[in-house]
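Spelled out, the chains give:
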Amino acid sequence: SLPLCEKYGVRGYPTIKYGPVDDMKDYQGGRSFEDLKKFAAENLGPTCGPGEHIDLCDAETKARIEVYVKMSAGKLEGKIRKAQKDFEVEVPIMKKVFAHLSKAEGKSDL
C-alpha cells in the first residue's frame, strides 16, 4: 500500500528493509541468493523482546517488559494510546514552550 511504502521510505522495486518495525534499515548488499544468505546469517536473528528472547534484553529493558507483560491487553493498549498522545500532542507543545523560555533566558539546548 502507498501509505505503508511512504512510512518506510520504499520508492521502488525491489526494496529490501530489515530490522525491528520501529527501526527499519535499508539493505545495501548484493542481491544474489548467496549474498542474501550470508547477510541473514550474519545480521538477522532474534532480538530483545518478551517471551523466549527476554534474556537478550539488558536489565532495564527486561524489567520494563516484565511490568508490561503483567498488564491486561486493554490496560497496555491504554498506555500505548497515552504515550502516542503525549508524543504527538504534548511534546510539540513542550518544545514550543521550551523555545520560548530559552529565548527569554538567552539560550537554547533543543
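Residues numbered from 1 in each chain as written. Predicted model: local features only at pLDDT ≥ 70, side-chain atom pairs only at ≥ 80, totals over all residues. Heavy atoms only, no water.

Trainee: Requested: an account of the state of the cysteines, with residues and values cited.
Mentor: Tallying each qualifying case throughout the model produces 1 disulfide. Through a disulfide, Cys 48 is tied to Cys 57; the S-S separation comes to 2.0 Å. Here the S-S torsion is close to 100 degrees, and the disulfide linking Cys 48 with Cys 57 is therefore right-handed. Taking relative accessible area as the criterion, Cys 57 reaches 11% and is therefore assigned buried. (Disulfide = S-S within 2.5 Å. Buried < 20%, exposed > 50% of the residue type's maximum accessible area, 1.4 Å probe, protein only.)

Trainee: Describe the packing of aromatic side chains, with residues and values.
Mentor: The final tally for this structure, using the stated rule, is 2 aromatic pairs. With centroids separated by 4.9 Å and ring planes inclined at 75 degrees, the aromatic side chains of Tyr 18 and Phe 39 adopt a geometry described as edge-to-face. Separated by 21 residues along the polypeptide, Tyr 18 in strand E1 (residues 17–18) and Phe 39 in helix H2 (residues 33–43) bring together distant segments of the chain. Residue Phe 39 is classed as buried on the basis of its relative accessible area, which comes to 18%. With 4.7 Å between their ring centres and 70 degrees between their planes, Tyr 27 and Phe 39 make a pair best called edge-to-face. Placement of the pair is Tyr 27 in the loop between strand E2 (25–26) and H2 and Phe 39 in helix H2, with a sequence separation of 12 residues. Of the aromatic side chains, those joined through ring pairs into one cluster are Tyr 18, Tyr 27 and Phe 39. (Phe/Tyr/Trp six-rings, centres within 6.5 Å; stacked < 30°, edge-to-face > 60°. Helix = DSSP H or I, 4+ residues; strand = E, 2+ residues; numbered from the N terminus.)

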